[in-house]
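Listed below are the residues making up each chain.
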Amino acid sequence: AEAMFDKQIIVNSIDSLAEAEPAPTVADAGRALQLIESRSGYGQWKIIFPGSVVLSDSVCEAFGWMPTPDPLPLQDMVKLYHQEDRGKFLTLIAQALEGRKGFHCRLRIERRDGQIRMIETIADLRLVNGRVAELFGFSRDVTREMERELQVQGRLKLVQELVGDLPAPIVVLDEKLRVMDCSIFWLKAHRFIEKREVVGKSLLMLQPNMPPDHKDEYERAMKGQTVRTKRTFTSSTTNQPIQFNTLITPWYVADKKIGGITMVTGWSE
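Since the model is a prediction, treat every value here as computed from it, not as a measurement. (Residues numbered from 1 in each chain as written. Predicted model: local features only at pLDDT ≥ 70, side-chain atom pairs only at ≥ 80, totals over all residues. Heavy atoms only, no water.)

Q: Would you mind going over the packing of aromatic side chains with me for this structure?
A: For any two aromatic rings, the description comes down to two numbers: the centre-to-centre distance and the angle of the planes. Using the criterion set out here, one finds 6 aromatic pairs in the structure. Judged by centre distance (6.3 Å) and plane angle (75°), the rings of Tyr42 and Phe138 are edge-to-face. One end of the pair, Tyr42, is in the loop between α1 (29–40) and β2 (43–48); the other, Phe138, is in strand β7 (residues 131–141), with 96 residues separating them in the sequence. In this pair, the class of Tyr42 matches that of Phe138, namely buried. (Phe/Tyr/Trp six-rings, centres within 6.5 Å; stacked < 30°, edge-to-face > 60°. Helix = DSSP H or I, 4+ residues; strand = E, 2+ residues; numbered from the N terminus. Buried < 20%, exposed > 50% of the residue type's maximum accessible area, 1.4 Å probe, protein only.)

Here it is as C-alpha cells:
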C-alpha cells in the first residue's frame, strides 16, 4: 500500500487569504462549514500556536483517532503521518509561517490499526495584529479515489503496451476523441511517422475532412455501443483505396463510466 501511493503524493504552496479583504458572506459561516463537512468528506482542524491542535470528529475518524474535544499536542498529529511524510508536513507548516503561505498536500497517514491512508489537506493562516495565530484547514481521506485512479492508470498502461506493437491500425481515444496512444500501423495507415505527431491531438484536428457518418459512429461508441463499420485506406503498394472491417468500442474507467473509445481496423500490408 505504501509504494502504491508514492507517485500520488502532492505538496505545494497556495496564496494565503489571511490578509485579503473578506468577501461578503452569502450564507451563515457555521452552516456553510457544516454543509462542507457533511457533503464533501472534509473535516476541520486548526493548529493554535505555539503547538496545540484541535480536530473535528470527522478528521479524527479519517485519522483513526478517538474523537476528543480537548486540544492535542501538535507532535501527536505529526506522528499520525507516515514516517516518510512527517518531514514534508512539518516543512509545509514552517513554510506557511515563514512565507505567509497556505498549502495543499496529499500525504499518507498510518493509522493505529496499521492501515495506510491517503489524506488530502488544504490549509491557510489566521492573523491577529499581523502575527500568525492559527493554521487552519480541511482534511479528507482520498484513499479510494487514489485507488480508482491507480486502477485506471494500470488499465490504460496495459492497453498502451498491447496497442503499440500489434500488427493492425489501432488507436485509443479519450472522451474528447484525443489520441492517447496508437499502433505503428495506425500511424502508417494515416501517413504519420512518429507518435508525437498525433498524441494529444483530436481526430477532428488530424482528420479535418472527417465524413459525418464517422462522427456519428464515434458518438454512438461514446454512448456505450460497439460499432462494426468499415474504413478506407489507400494501399501503399497499389495506390488503390481499399475498405477494411473496423471495430469501434468504448473503454471504461470505473463504475461503468466511459473513458473513451478504441478503434481497431483489420488492415496490414
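Q: I tried to follow helix α4 (residues 83–99) on my own but got confused; where do I start?
A: Working note: α-helix, 3.6 residues per turn, so residues spaced by three or four point in the same direction. Between its first and last C-alpha atoms α4 spans 25 Å; for 17 residues at 1.5 Å apiece the expected length is 24 Å, and the two agree. Asp85, Phe89, Leu92, Ile93 and Ala96 are the residues of α4 that are buried. All buried residues of α4 project into a common sector of 95° when viewed along the axis, lining one side. Turned more than 90 degrees from where α4 packs its buried face, Gln83, Glu84 and Glu98 sit exposed. Summarising the contacts, the buried residues of α4 are in contact with β1 (10–15), β2, α3 (74–80), β5 (101–110), β6 (116–128) and β7. (Expected span 1.5 Å × (residues − 1). Arc of directions from axis to C-beta. Contact = heavy atoms within 4.5 Å.)

Q: Before we go on, may I ask you to explain the pairing of β2 in this structure?
A: If a strand is regular, its side chains alternate between the two faces of the sheet. Where burial is concerned, the two faces of β2 differ: the one with Gly43, Trp45 and Ile47 is buried and the one with Gln44, Lys46 and Ile48 is not. In this structure, β2 lies alongside β7, joined through 6 bridges in antiparallel fashion. Among the inter-strand pairings, Ile47 is bridged to a residue of β7, identified as Leu135. Relative to strand β3 (residues 52–55), β2 is paired through 4 bridges, and the arrangement is antiparallel. Bridging from a neighbouring strand, Ile48 pairs with Ser52 of β3. (Pairing = 2+ DSSP bridges.)

Q: Looking at this model, I keep getting lost on the environment of Ala96. Mind explaining?
A: Mapped onto the elements of the fold, Ala96 is located in helix α4. If sequence neighbours within four positions are ignored, Ala96 has contacts with Lys101, Phe103, Leu125 and Leu135.

Q: What exactly am I supposed to notice about the environment of Val78 here?
A: Its place among the elements puts Val78 in helix α3. What makes Val78 buried here is its relative accessible area of 9%. Sequence separation of Val78 and Phe89 is 11 residues, and the distance between their C-alpha atoms is 7.4 Å. Val78 has contacts with Arg86, Phe89 and Leu90, leaving out every residue within four places of it along the chain.

Q: Even after reading the chapter, I still don't get α1, so can you show me in this structure?
A: Taking 1.5 Å per residue, 12 residues should reach 16 Å; α1 reaches 16 Å between its end C-alpha atoms and fits that length. Where α1 starts, the residue carrying a side-chain oxygen 3.2 Å from the main-chain nitrogen of Gly30 turns out to be Asp28. Positive phi appears at Gly41, one or two residues downstream of α1, with a value of about 90°. (Polar contact = N/O pair within 3.5 Å; in protein donor to acceptor, adjacent residues only side chain to side chain.)

Q: What's the story with the pairing of strand β12 (residues 257–265) in this structure? I'm lost.
A: Buried residues dominate β12, accounting for 7 of its 9 residues. Of the pairings in the sheet, the one linking strand β8 (residues 170–174) to β12 comprises 5 bridges and is antiparallel in character. Bridged to Val171 within β12 is Met263.

Q: What should I look at first to understand the pattern of salt bridges in this one?
A: Two side chains carrying opposite charge are able to pair once their charged atoms lie near each other. On inspection of all chains with the given rule, the structure shows 15 salt bridges. Its salt-bridge partner being Lys46, residue Glu134 comes within 3.6 Å of it at the nearest N-O pair. Here Lys46 lies in strand β2 and Glu134 lies in strand β7, a separation of 88 residues in the sequence. Relative accessible area serves as the criterion here: at 11%, Glu134 is assigned to the buried category. For Lys46, a relative accessible area of 31% puts it in the partly exposed group. When the shortest N-O distance is used, the salt bridge between Glu134 and Arg126 registers 3.2 Å. On the basis of relative accessible area, Arg126 is assigned to the partly exposed category, the value being 39%. One network of salt bridges, in which partners are shared, links Glu84, Asp85, Lys88 and Arg108. (Salt bridge = Lys/Arg side-chain N within 4 Å of Asp/Glu carboxyl O.)

Q: I tried to follow the nonpolar core on my own but got confused; where do I start?
A: Across soluble globular proteins, nonpolar side chains have a tendency to be buried as a group. Counting 31 residues, the largest nonpolar core has Trp45, Leu55, Phe63, Phe89, Phe103 and Leu135 as the members making the most contacts within it. Looking at this core, the elements that each hand over two or more residues are β2, β3, α2 (57–63), α3, α4, β5 and β6. Once residues lying within four places of it in the same chain are set aside, the contact partners of Phe89 are Met77, Val78, Tyr81, Phe103 and Leu107. Counting 17 residues, the second-largest nonpolar core is a separate cluster that includes Val171, Leu173, Cys182 and Met263. (Core = buried A, V, L, I, M, F, W, Y, C linked by side-chain atoms within 4.5 Å.)

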